Amino acid sequence: MTKKQADAERGPRLDAGAVVRTALELLDENGLDALSTRAVADRLGVRMNTVLWHVKTKARLLELMADAVVGEAPLDRLPAAWDDRVRELVRRYRRALLARRDGAALVTGTYPAEPHTLRFAEALVGALLDGGMAEREAAWTMWALVYFTLGLAQEEQSAAAARPREGSLVRAVSADTHPALYRTLAHLGAESFDARFEFGVDAILTRG
């Protein structure tokens, strides 16, 4: 490719934002496992090197995509009370993850110190500090909320693929060998993700 051709492909209509938007479209269509820089280039009608010129590596592309997903959680019109604010922020975060195919798996696999992610973290930590938490407690509570939400959202998004294995836990657990699990078996496989999410957030915020 000549410099002139490369400059044309890097022209005003193609930038890192366009690459990320196209990658998110492909994510929704085909899932995270099928996502590649080559697929993004093919969709954009450019060479793969052109995509990499804008995002450097696939790992960097995934970071930018994850930040864009988090950016879909709005930060306006939040409740004044700190605990209500925390709950609403984490609910919006969860909705943003679930709105994208494999959104939770995408964000779980990255650690982007990018604008949207930092703004969300600032809002969440700020609410926890407003509740009177010490700095370490606020930071670690934020991580507990984020990791819990990511894990549950990832389970919810993969639930359809796991349906063929639904009966495996029931078959493996017996009253003799796993008495505690047996007693709670009816609740371990529950798909009431909304209720489990609210329970988990309450448990983290009201612990001790």
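Fair warning: this is a prediction, and the values are worked out from it, not measured in the lab.

## Some thoughts on the packing of aromatic side chains
Argument step 1. A complete count under the given rule lists four aromatic pairs for this structure.
Argument step 2. With a centroid separation of 5.3 Å and an interplanar angle of 15 degrees, the aromatic rings of W143 and Y147 are classed as stacked. Placement of both W143 and Y147 in helix 9 (residues 135-157) is noted, with a separation of four residues, approximately one turn of the helix.
Argument step 3. Here W143 falls in the partly exposed class, since its relative accessible area comes to 28%.
Argument step 4. Members of the aromatic cluster, joined through ring pairs, are Y111, W143 and Y147.
Argument step 5. Across the ring face of W53, the terminal group of K56 is positioned such that the distance to the ring centre comes to 5.8 Å.

## Digging into the environment of L128
Argument step 1. On the secondary structure map, L128 appears in helix 8 (residues 115-130).
Argument step 2. Separated by 78 residues in sequence, L128 and T206 place their C-alpha atoms 12 Å apart.
Argument step 3. If near-sequence neighbours (up to four positions away) are discounted, L128 is found in contact with W82, V86, M133, A138, T141, M142 and L205.

## Things to note about the packing of helix 9 against helix 14 (residues 193-205)
Argument step 1. Close contact between helix 9 and helix 14 brings their axes to 10 Å; oriented N to C, the two are set at 165 degrees. With respect to helix 14, the axis of helix 9 lies roughly antiparallel. The chirality of how helix 9 crosses helix 14 is right-handed. Here helix 9 contributes T141, A144, L145, F148, T149, L152, E155 and E156 to the contact with helix 14, which in turn contributes F193, R196, F197, G200, V201, I204 and L205.
Argument step 2. In the contact of helix 9 with helix 14, the residues fall into nine nonpolar, three polar and three charged.

## Some points on the UniProt feature "domain: HTH tetR-type" (unreviewed entry) in the protein chain
Argument step 1. Per the UniProt record, "domain: HTH tetR-type" (unreviewed entry) is annotated on residues 13-73.
Argument step 2. Across residues 13-73, the secondary structure splits into 72% helix and 0% strand, with the terminal C-alpha atoms separated by 26 Å.

Rules used in this analysis
Residues numbered from 1 in each chain as written. Predicted model: local features only at pLDDT ≥ 70, side-chain atom pairs only at ≥ 80, totals over all residues. Heavy atoms only, no water. Phe/Tyr/Trp six-rings, centres within 6.5 Å; stacked < 30°, edge-to-face > 60°. Helix = DSSP H or I, 4+ residues; strand = E, 2+ residues; numbered from the N terminus. Buried < 20%, exposed > 50% of the residue type's maximum accessible area, 1.4 Å probe, protein only. Lys NZ or Arg CZ within 6 Å of the ring centre and 35° of its normal. Contact = heavy atoms within 4.5 Å. Axes fitted to C-alpha atoms, helices over the stretch in contact; angles between N-to-C directions. Parallel < 35°, antiparallel > 145°, perpendicular 65-115°, else oblique. Left-handed = near helix turned anticlockwise from the far one by under 90°. Nonpolar A, V, L, I, M, F, W, Y, C, P; charged D, E, K, R; others polar. UniProt positions renumbered as here; feature names shortened; annotations may be inferred.

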